[in-house]
Amino acid sequence: MLDGADLIALESRFGADNYKPLDVVLASGKGVWVTDIDGKRYLDCLSAYSAVNQGHCHPRILAALTEQAARLTLTSRAFRNDQLGLFYEELAALTNSHKVLPMNSGAEAVETAIKAVRKWGYEIKGVPEGAAEIIVCADNFHGRTLAIVSFSTDPEARGGFGPFVPGFKVIPFGDAAALEAAITPNTVAFLVEPIQGEAGVVIPPAGYLARVREICSATGVMLILDEIQTGLGRTGKMLAEEHDGVEADVTLVGKALGGGFYPVSAVLSNTDVLGTLKPGQHGSTFGGNPLACAVARAALRVLVEERLVERSAEMGAYFKAGLESIRSNRVREIRGRGLMLAVEIHAEAGAARPVVEALRDQGILAKDTHGQTIRLSPPLVISRDEIDWALERIETVLR
Ligand SMILES: *Cc1c(COP(=O)(O)O)cnc(C)c1O
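Residues numbered from 1 in each chain as written. Predicted model: local features only at pLDDT ≥ 70, side-chain atom pairs only at ≥ 80, totals over all residues. Heavy atoms only, no water.

**Observations concerning the sheet that holds strand β12 (residues 340–345)**
Reasoning step 1: Across the sheet, which stays open at both edges, the four strands sit in the order β11-β12-β15-β14 with antiparallel pairing between neighbours. Because the sheet does not close on itself, it has two edges, and the strands there are β11 (331–337) and β14 (367–369). On average, adjacent strands in this sheet sit at an angle of 25° to one another, irrespective of strand direction.
Reasoning step 2: Here three bridges tie β14 to strand β15 (residues 373–376), and the two strands are oriented antiparallel to one another. (Pairing = 2+ DSSP bridges. Helix = DSSP H or I, 4+ residues; strand = E, 2+ residues; numbered from the N terminus. Axes fitted to C-alpha atoms, helices over the stretch in contact; angles between N-to-C directions.)

As structure tokens, this is what we get:
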């Protein structure tokens, strides 16, 4: 029998080194809990970057997966399947959108949106060929493809990968005046996260998204909200845009859309943006396959029927209040919305990584970001008792 150290050694020997995971080798999961190969249980406070909002191995999503897997899994979009139309209808109803384009990973949804708004710019807005500009924010995270890292401001994400894709302009996050100043007649879209996740749960000033919405509407610029992490209940609303009472022209969802079982992403649009794509101009072999659609339909049903969006708001407020009540001079700030939370450690109190390692030893799995920040985003099925359990241990580690 291979033990944890053996399996880690295999990973190091054969795997590319593009991750530095905590040395915990997980073998099973249920709800908010995961268990390592030695049988030690941990409370998952990362949820695979919000891809398991519904909790690990949710029985209803599992049932949908196995039922569909035994029936039909992949047809390609050369033919139709009996799940795709229903997936479209249900996702559109929940997100108040008119058109849906299914992809697999989040990065593919972002790429799709970039292609679609550029095409919209040339064909509808009348931007001269090759001149389309897309405005993005500093410290963004939208994925790892070449076009996406072309407009990243993180040297780790970009370094060594050039030459880059042109046509992007970077402005500060949370600064509506900067957006106004950056827009030109060739600007086709503004791509932004409602709350910057990978940057460390950075919440923009109140009124930012509403102002951004006004500016985009007034200048004929498509507002693309990347809700791949903030969407599907994570922040206490189905989409984070609802906190600000705005509607994006293009919304990107992924991660929890697959319920933690299967990669499913989608571009949602309530304008003619997706209408510019004609047969043969974009696609994906796996996008919209019946297994993905059946899993996503079940993942959405679980969010709604188990009232996980409301639960995220309620449990998030409870968790945040609990974190705020911890007396520790190592804590600089607690921030977050719904169950998208972060604890920032004072620079003088050391880095976040050792805190995350101490949390692991206490049975909590969390992720450090940018040196000083610990993200806490458990599955939305977390209970009050489980939050109390976590708070006790977080307090022990922080004090
Ligand atoms: C995770 C994430 C992505 C990329 O999704 P992948 O499935 O990893 O390609 C894009 N945008 C945001 C905001 C994300 O959090």
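**Some thoughts on the domain arrangement of the protein**
Reasoning step 1: If you check the domain split of the protein, you get domain 1 (1–37), domain 2 (60–305) and domain 3 (317–333 + 391–399).
Reasoning step 2: Relative to domain 2, the C-alpha centre of domain 1 lies at a distance of 31 Å. (Domains from an automatic or database assignment.)

**Notes on the packing of aromatic side chains**
Reasoning step 1: This structure, assessed with the given rule, holds four aromatic pairs.
Reasoning step 2: On the numbers, 6.3 Å between centres and 40° between planes, the contact of F87 with Y88 is tilted.
Reasoning step 3: When the centroid spacing of 4.4 Å and the interplanar angle of 40° are considered together, the rings of F151 and F168 count as tilted. In this pair, F151 is assigned in the loop between α6 (146–150) and α7 (155–158) and F168 in strand β6 (residues 168–171), connecting sequence segments 17 residues apart. (Phe/Tyr/Trp six-rings, centres within 6.5 Å; stacked < 30°, edge-to-face > 60°.)

**Examining the environment of H98**
Reasoning step 1: Examined against the element boundaries, H98 turns out to sit in the loop between α4 (84–95) and β4 (99–103).
Reasoning step 2: Taking C-alpha positions, H98 is 6.0 Å from S269, a pair spaced 171 residues apart along the chain.
Reasoning step 3: In contact with H98, not counting residues within four places along its chain, are S269 and N270. (Contact = heavy atoms within 4.5 Å.)

**Side note on the pattern of salt bridges**
Reasoning step 1: This structure, assessed with the given rule, holds 22 salt bridges.
Reasoning step 2: Note that E198 and R375 form a salt bridge whose closest N and O atoms lie 3.0 Å from each other. Here R375 lies in strand β15 and E198 lies in the loop between β7 (187–192) and α9 (208–219), a separation of 177 residues in the sequence. Like E198, the residue R375 is buried in the burial classification.
Reasoning step 3: Between E214 and R211 there is a salt bridge whose closest N-O contact spans 2.7 Å. (Salt bridge = Lys/Arg side-chain N within 4 Å of Asp/Glu carboxyl O. Buried < 20%, exposed > 50% of the residue type's maximum accessible area, 1.4 Å probe, protein only.)

**So, the packing of helix α11 (residues 308–324) against helix α13 (residues 384–398)**
Reasoning step 1: Here α11 crosses α13 at 25°, and the two axes come no closer than 10 Å. Between α11 and α13, the interaxial angle falls into the category roughly parallel. As for the relative orientation of α11 and α13, their crossing is right-handed in sense. Across from E314, M315, Y318, F319, G322 and L323 in α11, the residues of α13 making contact are R384, I387, D388, A390, L391 and I394.
Reasoning step 2: For the contact of α11 with α13, the class distribution of residues is eight nonpolar, one polar and three charged. (Parallel < 35°, antiparallel > 145°, perpendicular 65-115°, else oblique. Left-handed = near helix turned anticlockwise from the far one by under 90°. Nonpolar A, V, L, I, M, F, W, Y, C, P; charged D, E, K, R; others polar.)

**Quick word on the side chain of S328**
Reasoning step 1: Secondary-structure assignment places S328 in the loop between α11 and β11.
Reasoning step 2: A relative accessible area of 15% places S328 in the buried class.
Reasoning step 3: Among the polar contacts made by the side chain of S328, one reaches the main-chain amide nitrogen of R330 at a distance of 3.1 Å.
Reasoning step 4: Only 2.8 Å separates the side chain of S328 from the backbone oxygen of L398, close enough to count as a polar contact.
Reasoning step 5: Those residues in contact with S328 that sit more than four places away from it in its chain are L398 and R399. (Polar contact = N/O pair within 3.5 Å; in protein donor to acceptor, adjacent residues only side chain to side chain.)

**A word on the sheet that holds strand β8 (residues 222–226)**
Reasoning step 1: Spatially, β4-β10-β9-β8-β7-β5-β6 is the arrangement adopted by the seven strands of the open sheet, whose pairing is mixed. In this open sheet, the two strands that pair with only one neighbour each are β4 and β6. The sheet shows a mean angle of 20° between the axes of neighbouring strands, direction not considered.
Reasoning step 2: With three bridges joining them, β8 and strand β9 (residues 250–253) adopt parallel strand pairing. Note that in β9 the partner of I224 across the bridge is V250.
Reasoning step 3: In the packing of α4 onto the sheet, contacts are made with β4 and β10 (265–269), and the angle to β4 comes to roughly 120°.

**Looking at the packing of helix α12 (residues 352–362) against α13**
Reasoning step 1: The interhelical angle for the contact between α12 and α13, taken along N-to-C directions, is 135°, at an axis separation of 10 Å. When the interaxial angle is binned, α12 and α13 end up oblique. Both α12 and α13 take part in a crossing whose hand is right-handed. Touching V355, A358, L359 and Q362 of α12 are W389, R393, I394, T396, V397 and L398, all from α13.

**Let's talk about the pairing of β7**
Reasoning step 1: In terms of burial, β7 is a largely internal element, six of the six residues being buried.
Reasoning step 2: Here three bridges tie strand β5 (residues 133–137) to β7, and the two strands are oriented parallel to one another. Among the inter-strand pairings, I135 is bridged to a residue of β7, identified as F190.
Reasoning step 3: With four bridges connecting them, β7 and β8 associate as parallel partners. Among the inter-strand pairings, F190 is bridged to a residue of β8, identified as L223.
Reasoning step 4: Read as a crossover between parallel neighbours, the route from β7 over α9 to β8 is right-handed. (Right-handed = clockwise from strand over helix to strand, strands pointing away.)

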